[in-house]
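Close look at the chain arrangement
Each chain, letter by letter, is given below.
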Amino acid sequence: MNTKINGSLIEISLEGPISEKTSLFDINLQTYKEIKLNLSKVTFINSIGVKNWILWTLRVPKNAKLYLEECPFVIVNQVNIVHGFVPQGAAITSFLAPYLCDSCSHEQIVKLSQNVHYIYASDQSQASIKLPEDLKCAKCGGTMEPDFIVEKTFSFLKKS
Ligand SMILES: [Zn+2]
């Protein structure tokens, strides 16, 4: 785990599995107004990890903003399955989505970003999704298609 502190901003990068051994859960957050958590190197999360994660989110100060950056797809699935995985007011700023070539079955991970590819629902407007168009396969030049159920994956955009 790497942490970088800049005044009231803390940036944390997690690596490997999220489990009972994850040191993220020991950090005192009380002095921070902005918490940026990069999850790009997280490999999986076990059930104790999910439980500890939720207890950890409850300790995020109410006046702090929590951002989840570069979430692996396994985390996005947890977000959609486990109620309360992402606390209210927190945002997934980007996540890593699996794509598949429709000609040669080559797999590619595509980073989808908030306000580029998706927008959260708000009091004023509904959630919206705008996936990248014309993604070309690096191997054969074919068309890359989402290897996930779009509507289900983006259910985290809805206002809870
Ligand atoms: Zn291909």
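The structure we're discussing is the one just above.
Heads up: these notes are all about the structure in this document. Remember, predicted model here, so these are calculated numbers, not experimental data. For every chain, the first residue of its written sequence is number 1, and the numbers climb from 1 along that sequence. Given that the model is predicted, a residue must reach a pLDDT of at least 70 before its local features are reported, and side-chain atom pairs must reach 80 or more before they are shown or counted; all residues, however, enter totals for whole chains, interfaces and linings. Excluding hydrogens and water, the side-chain values take into account all heavy atoms of the structure.

We now examine the coordination of the zinc ion. Around the zinc ion, the protein contributes the donor atoms Cys 101 (SG), Cys 104 (SG), Cys 137 (SG) and Cys 140 (SG), at 2.3 Å from the metal centre. Taken together, the 4 donor atoms surrounding the zinc ion define angles of 101 to 113° at the centre, an arrangement classified as tetrahedral. Only N, O and S atoms count as donors, using a 2.8 Å cut-off from the metal and 3.2 Å for Na, K and Ca, and because water is excluded some sites may appear unfinished. All donor residues of the zinc ion come from one chain, and their arrangement in sequence is C-x2-C-x32-C-x2-C. In this pair, Cys 104 is assigned in the loop between strand E6 (94-101) and strand E7 (107-113) and Cys 137 in the loop between strand E9 (128-129) and strand E10 (144-146), connecting sequence segments 33 residues apart. Think of it this way: with four donors and all angles in the 85 to 135 degree range, the site is tetrahedral; with four or six donors, opposite ones beyond 155 degrees and the rest between 65 and 115, it is square planar or octahedral; otherwise it is irregular. Numbering of helices and strands runs from the N terminus, with a helix taken as a DSSP run of H or I at least four residues long and a strand as a DSSP run of E at least two residues long.

Another aspect to go through is the layout of surface pockets. Note on definitions: the grid is 1 Å and covers protein atoms alone; a cavity is a set of points where a 1.4 Å probe fits but cannot get out; a pocket is an open set with protein on both sides within 12 Å along at least five of seven lines; lining residues have an atom within 4 Å of a point. Grid points are joined across faces, edges and corners, and a volume is the space filled by probe spheres set on the points. Roughly 200 Å³ of volume is contained in the second largest pocket. If you trace the second largest pocket, you find it lined by Thr 57, Leu 58, Val 60, Pro 61, Lys 62, Ala 64, Lys 65, Leu 66, Pro 87, Gln 88, Gly 89 and Ala 90. Looking at the lining of the second largest pocket, the elements with two or more residues in it are helix H1 (47-58) and strand E4 (65-69). Polarity classes work like this: nonpolar for Ala, Val, Leu, Ile, Met, Phe, Trp, Tyr, Cys and Pro, charged for Asp, Glu, Lys and Arg, and polar for all others, with Gly in that last group. Within the lining of the second largest pocket, the residues separate by chemical class into 7 nonpolar, 3 polar and 2 charged.

Turning our attention to the sheet that holds strand E1 (residues 2-6). Ordered in space as E1-E2-E3-E4-E5, the 5 strands form an open sheet in which the pairing is mixed. If you trace the sheet from one side to the other, it starts and ends with E1 and strand E5 (91-92), each paired once. One bridge is not enough; two strands pair if DSSP finds at least two bridges between them. Looking at chain direction, E4 and E5 are connected through 2 bridges and run parallel. Note that in E5 the partner of Leu 68 across the bridge is Ile 92. The strands touched by helix H2 (residues 73-81) are strand E2 (9-18), strand E3 (34-45) and E5; relative to E3, the strand with the most contacts, the crossing angle is about 110°. Residue contacts are counted whenever heavy atoms from the two residues lie within 4.5 Å of one another. Every axis in this analysis is a line fitted to C-alpha atoms, fitted for helices over the stretch in contact. Angles between the N-to-C directions lie between 0 and 180 degrees.

Our next topic: the pattern of salt bridges. Side chains that differ in sign of charge can pair as their charged atoms come close. The working definition used for a salt bridge is a side-chain nitrogen of Lys or Arg within 4 Å of a carboxyl oxygen of Asp or Glu. Here the structure, examined in full by the defined rule, presents 2 salt bridges. Across the salt bridge formed by Lys 4 and Glu 11, the nearest N and O atoms sit 3.9 Å from each other. One salt bridge connects Lys 111 with Glu 70, and the closest N-O pair in it is separated by 3.0 Å. Note that Lys 111 is positioned in strand E7 and Glu 70 in the loop between E4 and H2, a separation of 41 residues in sequence.

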